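Structure assessment
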Amino acid sequence: MAKTDEQTGQTDGQAGQSARAETTLGYEQARDELVEVVRRLEAGGTSLEESLALWERGEELAKVCRHWLEGARARLDAALAEDEGAEEAESAGEG
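Residues numbered from 1 in each chain as written. Predicted model: local features only at pLDDT ≥ 70, side-chain atom pairs only at ≥ 80, totals over all residues. Heavy atoms only, no water.

Looking now at the overall build of the protein. Scanning the protein from N- to C-terminus turns up three helices and zero strands. Along the protein, from the amino end to the carboxyl end, the secondary structure elements read α-α-α. Looking at the protein as a whole, 14% of its 95 residues qualify as buried. Summarising the internal contacts of the protein: among those between residues at least 6 apart in sequence, 65% fall at separations of at least 24. (Helix = DSSP H or I, 4+ residues; strand = E, 2+ residues; numbered from the N terminus. Buried < 20%, exposed > 50% of the residue type's maximum accessible area, 1.4 Å probe, protein only. Contact = heavy atoms within 4.5 Å.)

See the structure below:
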C-alpha cells in the first residue's frame, strides 16, 4: 500500500508525479493545461471521480505555475538589486 504524506495528502507516487511535472512542464504549458482543466470543471458533466481527478491535476498545475512565477520574481529581484548596486557604486565614485 502506498504511503500518504500527512501534510499534502499525496501518496509517494503522486508526490513523484508532481515533482516530475514541475521539472518537465514549462510555465505556458502548465498554464494552458490549467485553463483547460478549469474549463472542463466549469462545463460539468463529469463524474465525481473525474471531477476529483481534474481538481487534483489543477492543483498540481497551479503549483507548477507558482513555481515558475516565483522563480521569475526571484530573477527580477536579483536583477533589480544588481542594477541598484551598480548605480550606487557609480554615485559613490562621482563624489
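So that's the structure; there's more coming.
Moving on to helix α2 (residues 27-43). The end-to-end C-alpha distance of α2, which contains 17 residues, comes to 24 Å, matching closely the 24 Å that a straight helix rising 1.5 Å per residue would cover. Looking one or two residues beyond α2, the residue adopting positive phi is G44, at roughly 75°. (Expected span 1.5 Å × (residues − 1).)

Okay, the nonpolar core next. Among the nonpolar cores identified, the biggest contains seven residues, and these are L25, A30, V37, L54, L61, V64 and C65. Tallying contributions element by element places helix α3 (residues 48-94) first for this core, with four residues. Residues in contact with C65, not counting those within four places in the same chain, are Y27, A30 and R31. (Core = buried A, V, L, I, M, F, W, Y, C linked by side-chain atoms within 4.5 Å.)

Looking now at a negative patch on the surface. Together, E82, D83, E84, E87, E88 and E90 give the surface a local cluster of negative charge. Of note, E88 is situated in helix α3. What makes E88 exposed here is its relative accessible area of 57%. (Patch = residues over 30% accessible without salt bridge, like charges linked within 9 Å, V, L, I, M, F, W, Y side chains within 5 Å. Areas by Shrake-Rupley, 256 points an atom, 1.4 Å probe, with all protein chains shown as cover. Salt bridge = Lys/Arg side-chain N within 4 Å of Asp/Glu carboxyl O. Lys, Arg positive; Asp, Glu negative; His and termini not counted. Charge placed at Lys NZ, Arg CZ, Asp CG, Glu CD.)

Time to look at the confidence of the model for the protein. On average, residues of the protein score 82 in pLDDT, and 74% of them are at 70 or above. Within the protein, α2 carries the highest mean pLDDT (97), whereas helix α1 (residues 12-24) carries the lowest (57). Taken together, the stretch residues 1-10 has pLDDT below 50 and engages in twelve contacts with residues farther than four places along the chain or on a different chain. (pLDDT = per-residue confidence, 0-100.)

Okay, the pattern of salt bridges next. Two side chains of opposite charge can pair, provided their charged atoms sit close to one another. On inspection of all chains with the given rule, the structure shows five salt bridges. Between D32 and R31 there is a salt bridge, with the nearest N and O atoms lying 3.1 Å from each other. Note on R31: relative accessible area 33%, which makes it partly exposed. Linking E60 and R57 is a salt bridge whose minimum nitrogen-to-oxygen distance equals 2.5 Å. In this pair, E60 and R57 both sit in helix α3, three residues apart, roughly one turn of the helix. By relative accessible area, which is 24% here, R57 ends up partly exposed. Via salt bridges that share partners, E33, R57 and E60 belong to a single interconnected network.

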